[in-house]
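Per-entry structural report
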Amino acid sequence: MSKSSRKVNAEAAKKLQPDEELASSHACEHHINGKNRWRNLLGSVHKHDYIRQIQTVCISLFFLIRNPRVVYFLWQILIAILGSYVNKLYFAFHLLDVVNQYQELSNVLRSIVRPAKVLGLTVLLYLVIVYVFAIIGFYFFRADYNPSVVLTPDQIDGKAPYQCQRLFQCFLMSLDQGFKSDGGLGGYLRPNIPGESARSYARLAFDLMYNIVLIIMLLNIVFGVIIDTFASLRTADKEKMMDMQNRCFICSIDAYTFDRTTKRGFHDHIYMEHNMWHYLYLFVHIRKKPITEYNGLELYLAMRMAKHDF
């Protein structure tokens, strides 16, 4: 090879070398960018998974806290912590757990909680009527709210304090003494002698109406609502137990029919033919099995379960 040809090849190689270096640098950049894209994509996927996990945990906690049993046990734990580190008196609240242990005591509380709206409205009506009686007592029988003393001229003129000096004070005294005193509010007020004067007749009507409307009628209405609710709860629990013990869970046929028309009877039917646990196992089996592996009967049951038609 001549010197001129070698010189030409060397010059061509020098010209090609920057192009090769540029191409290799572009390839490296493309490779690095590809890695970065995959890394960013995987990072976004992992981040999305973390967000979904956090959302799942929050939703689970939300539904968990809505469970009354969970709230009850959390309250018990809080009381135990307060009793251990704050004051031993908090442990006394654990004695109320006896209500949770016996269904009869639970029904007592439920008989108050269930008609809460009716009881609340009745209490509101009671307060309104007490306020009406307090207004009457404030304007006409203010001196009788001081049964142990005789009002002085300064007290009558409002210059010295005394009981029932303000309307709100009369309302509180009427509400308080109406429960405490024998005979209602009339048992607390200054003794009244009927027939002594025209005012004594008005006072007699005031005392009688207070006792009849508030003590006899409204309080007995409250007691009646609570007692009726307790009786209905007890009857419902009794019927539920009778239904659980004497009726098939699957076909709802009563025990008397099986014992009268079959040889094996009700006991054999609920344990051999219509065992409720086998029914539950079938539900779990259908829910766990992939839908592509259903047979005809399982597909039919799955469709019924999806429609909540059990």
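None of the values given here were measured: they were computed from a predicted structure.

1. What about the packing of aromatic side chains?
- Counted under the stated rule, the structure contains 11 aromatic pairs.
- Ring plane angle 70° and centroid distance 5.8 Å describe the contact between Tyr131 and Phe171, whose orientation is recorded as edge-to-face. Linking Tyr131 in helix α5 (residues 116-140) with Phe171 in helix α7 (residues 167-180), this pair joins segments that are 40 residues apart in sequence.
- Classification of Tyr131 by relative accessible area gives partly exposed; the value is 39%.
- According to the relative accessible area criterion, Phe171 is buried, its value standing at 13%.
- Ring centres of Phe249 and Tyr279 lie 6.3 Å apart, and the angle between their planes is 80°; on these two criteria the pair is classed as edge-to-face. Here Phe249, found in the loop between α8 (198-246) and α9 (255-261), pairs with Tyr279, found in helix α11 (residues 276-288); they are 30 residues apart in sequence, far enough to count as distant.
- Connected via pairs of aromatic rings, a cluster forms that spans Phe133, Phe140, Phe141, Phe206 and Tyr210.

2. Some thoughts on the UniProt feature "transmembrane region" (unreviewed entry) in the protein chain
- The UniProt record annotates "transmembrane region" (unreviewed entry) at residues 73-97, 118-141 and 208-231.
- With 52% helix and 0% strand, residues 73-97 has end C-alpha atoms that lie 10 Å from one another.
- Annotated as 96% helix and 0% strand, the span residues 118-141 places its first and last C-alpha atoms 33 Å apart.

Reading the values: rules and limits
- The numbering scheme is per chain: residues are counted from 1 as the chain's sequence reads.
- The predicted nature of this model means local features are confined to residues of pLDDT at least 70 and side-chain atom pairs, given and counted, to a pLDDT of 80 or more, with totals for whole chains, interfaces and linings taken over all residues.
- Heavy atoms throughout the structure, all of them, feed into the side-chain values; hydrogens and water do not.
- Only rings of Phe, Tyr and Trp enter the pairing, Trp through its six-membered ring, and a pair is recorded when the two centres are within 6.5 Å. The plane angle decides the type: under 30 degrees is stacked, over 60 is edge-to-face, the rest tilted.
- Each helix corresponds to a stretch of at least 4 residues labelled H or I by DSSP, and each strand to a stretch of at least 2 residues labelled E; elements are numbered beginning at the N terminus.
- Residue burial is assigned from relative accessible area. The probe radius is 1.4 Å, only protein chains are included, and a residue is buried under 20% of its type maximum, exposed over 50%, and partly exposed in between.
- UniProt positions are given in the numbering used here, feature names are shortened, and annotations may be inferred rather than shown by experiment.

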